[in-house]
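In case you want the letters, here they are:
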Amino acid sequence: PSADWRDVVVELGRRVRFRKPLWLDLGGIAKGHAVDGAVAALRARGVEAGVVNAGGDLRVFGDASETIHVRDPRSPARSHPLLELRDGAAATSSGYASARDGRTALLDPRDGRSLGHAVSATVVAPRALWADALAKVVLAAPAVLVASPALLRRLQAQAALVDGGGTVRRLGG
C-alpha cells in the first residue's frame, strides 16, 4: 500500500526492478496498446474495416464509423454523444468508475491528489495508445494543454473535457 511510481526502476536492457513489493496496473495505457495491436492483427489478416473496443478505449479503421458517447461523470448511467469517429482512436479517463471513500484510482503524480471526480477527459488520436495516454494527461493538466497545445498538435489529437452537467470544453490539437 505504501508503494508508488517512484518504487519502479527502469534499468538498461529493458529491465524493471521494484524497490518494494507493489501492485502494477498497466490499465493506464496498456488497453490502448492492445487495441492498436488488435487492429494490426486484423489488417494483417485482410480485414479492411472494423471497430475494436476494449472497454472504452477504441479504434475505428477503414470505412467503418462509430458514434462516440461519453458518460456524465456525476451520473455515469447518462451519456452524451460527442462525435462521429472514422479511421482513428478514442479513449476516455475519469474517476467515476474507481471512486472509493472519496478517492479515485487516478492520481496526479505531482501531488498525489485524486483526479476525475466530476470531470472526464476524452482524447481522439490516430492511435489508441496515444489517445489512452493523453486522456490521463488532459485529466491531470488541462490548463497546460490549453496554454500550450503543441503536444496534442504533434500527435494529431483533440481532447474534450466533460463536466457533471454534460458541458463539453474542447481542446484543439
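Whatever comes next refers back to the structure up there.
Quick caveat: nothing in here was measured; it's all calculated off a predicted structure.

Definitions and cut-offs
Residues numbered from 1 in each chain as written. Predicted model: local features only at pLDDT ≥ 70, side-chain atom pairs only at ≥ 80, totals over all residues. Heavy atoms only, no water. Helix = DSSP H or I, 4+ residues; strand = E, 2+ residues; numbered from the N terminus. Buried < 20%, exposed > 50% of the residue type's maximum accessible area, 1.4 Å probe, protein only. Patch = residues over 30% accessible without salt bridge, like charges linked within 9 Å, V, L, I, M, F, W, Y side chains within 5 Å. Areas by Shrake-Rupley, 256 points an atom, 1.4 Å probe, with all protein chains shown as cover. Salt bridge = Lys/Arg side-chain N within 4 Å of Asp/Glu carboxyl O. Pairing = 2+ DSSP bridges. Axes fitted to C-alpha atoms, helices over the stretch in contact; angles between N-to-C directions.

Draft legend 1. Spatial organisation of the overall build of the protein. Check the secondary structure of the protein and you find four helices and eight strands. In sequence order, the secondary structure elements of the protein are arranged as β-β-α-β-β-β-β-α-α-α-β-β. Expressed as a percentage of its 173 residues, the buried residues of the protein come to 35%.

Draft legend 2. Inspection of a nonpolar patch on the surface at higher detail. A grouping of Val10, Val16, Phe18, Leu24 and Leu26 is seen on the molecular surface, where their side chains present a nonpolar patch of about 510 Å² in accessible area. Here Val16 is to be found in strand β2 (residues 15-18).

Draft legend 3. Fine view of the sheet that holds strand β3 (residues 50-54). Strand order in the open sheet formed by six strands is β3-β4-β5-β6-β7-β8, with antiparallel pairing between adjacent strands. In the strand order of this sheet, the two ends are held by β3 and β8 (168-171), each with one partner. For this sheet, the mean inter-axis angle between neighbouring strands, taken without regard to orientation, is 20°. When strand β6 (residues 119-125) meets strand β7 (residues 158-163), the two strands line up antiparallel, connected through six bridges. Residue pairing in the sheet places Val123 in a bridge with Ala159 of β7.

Draft legend 4. Layout of the pattern of salt bridges. Evaluation of the coordinates by the stated rule reveals seven salt bridges. Two residues, Glu11 and Arg17, come together in a salt bridge whose shortest N-O distance is 2.7 Å. By relative accessible area, which is 33% here, Glu11 ends up partly exposed. Here Arg43 ties to Asp87 by a salt bridge, and the two come within 3.7 Å at their closest N and O atoms. Taken together, the residues span a long stretch of sequence, with Arg43 in helix α1 (residues 30-44) and Asp87 in strand β5 (residues 75-94) at a distance of 44 residues. Residue class for Asp87 comes out exposed when judged on its relative accessible area of 52%.

Any functional reading would require information that these geometric values do not contain.
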